[in-house]
Amino acid sequence: MQFQPETHSYYSASSVVIHGGGGVAAADPFERVVRLASGSAVVVFSVSTCCMCHAVKRLFCGMGVSPTVYELDQDPRGKEIERVLSQLLGGGSAVPVVFIGGKLVGAMDRVMASHISGNLVPLLKEAGALWL
């Protein structure tokens with residue numbers, strides 16, 4: 001797993017698709033989520049004490065993927081980010097939330113469904129997170 005600095009991004013309204021840009025800090029929590037989610041091929045928003053967060057991080061590491069992980073309980077503005085993530089998911093639990101290639105995959109259930117159906121590996125390859 002790797003931890004990276006933030007980069008500037010924007011939001012595409014048709015679906016949650018993230019595109020990278022410069023290095024400007026955003027005050028708006030939504031803009032911050034968009035910027036962080038676009039900073040790496042695989043981004044996991046997590047809470048360090050969450051068992052599902054641990055499981056999704058282990059899944060990626062077991063596949064040879066090094067996700068960028070943002071531990072929201074260690075971020076002073078983590079609660080704001082959790083609220084934004086919950087809104088993006090349509091309510092409910094906000095972690096773990098996974099973005100691959102700047103696209104919202106979703107929470108643990110969506111990641112596992114993609115993995116079981118065989119769609120996760122192609123997503124990871126397309127994002128440049130896997131080369132095999």
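Please refer to the structure placed before this passage.
Please read all numbers here as calculations on a predicted model, not as lab measurements.

The rules we used
Residues numbered from 1 in each chain as written. Predicted model: local features only at pLDDT ≥ 70, side-chain atom pairs only at ≥ 80, totals over all residues. Heavy atoms only, no water. Helix = DSSP H or I, 4+ residues; strand = E, 2+ residues; numbered from the N terminus. Buried < 20%, exposed > 50% of the residue type's maximum accessible area, 1.4 Å probe, protein only. Areas by Shrake-Rupley, 256 points an atom, 1.4 Å probe, with all protein chains shown as cover. Salt bridge = Lys/Arg side-chain N within 4 Å of Asp/Glu carboxyl O. Phe/Tyr/Trp six-rings, centres within 6.5 Å; stacked < 30°, edge-to-face > 60°.

Once that is clear, we can look at the overall build of the protein. Per the secondary structure count, the protein includes five helices and six strands. For the protein, the α and β elements follow one another from N to C terminus as β-β-α-β-α-β-α-β-β-α-α. Counting all 132 residues of the protein, 43% fall into the buried class. Total accessible area on the protein is roughly 6800 Å²; 56% of this is exposed by carbon and sulfur atoms.

Applying the stated criterion across every chain yields a total of five salt bridges. When the shortest N-O distance is used, the salt bridge between Glu80 and Arg77 registers 3.9 Å. In this structure Glu80 comes out as partly exposed when scored by relative accessible area, which is 29%. A residue is classified by how much of its surface remains accessible, and Arg77, at 32% relative accessible area, is partly exposed. Of the charged contacts, one joins Glu82 and Lys79 as a salt bridge, the two residues approaching to 3.8 Å between their closest N and O atoms. Placement of both Glu82 and Lys79 in helix H3 (residues 78-88) is noted, with a separation of three residues, approximately one turn of the helix. Of the residues examined, Lys79 reaches a relative accessible area of 57% and is grouped as exposed.

Right, let's get into the packing of aromatic side chains. The description of an aromatic ring pair rests on the distance of the ring centres and on the angle between the ring planes. Per the counting criterion, the structure on display carries two aromatic pairs. A centroid spacing of 5.9 Å and a plane angle of 75° characterise the contact between Phe45 and Phe99, whose relative ring orientation is edge-to-face. Here Phe99 lies in strand E5 (residues 97-100) and Phe45 lies in strand E3 (residues 42-46), a separation of 54 residues in the sequence. The two residues Phe45 and Phe99 agree in class, both being buried. An aromatic cluster of three or more residues is present, and its members are Phe45, Tyr70 and Phe99.

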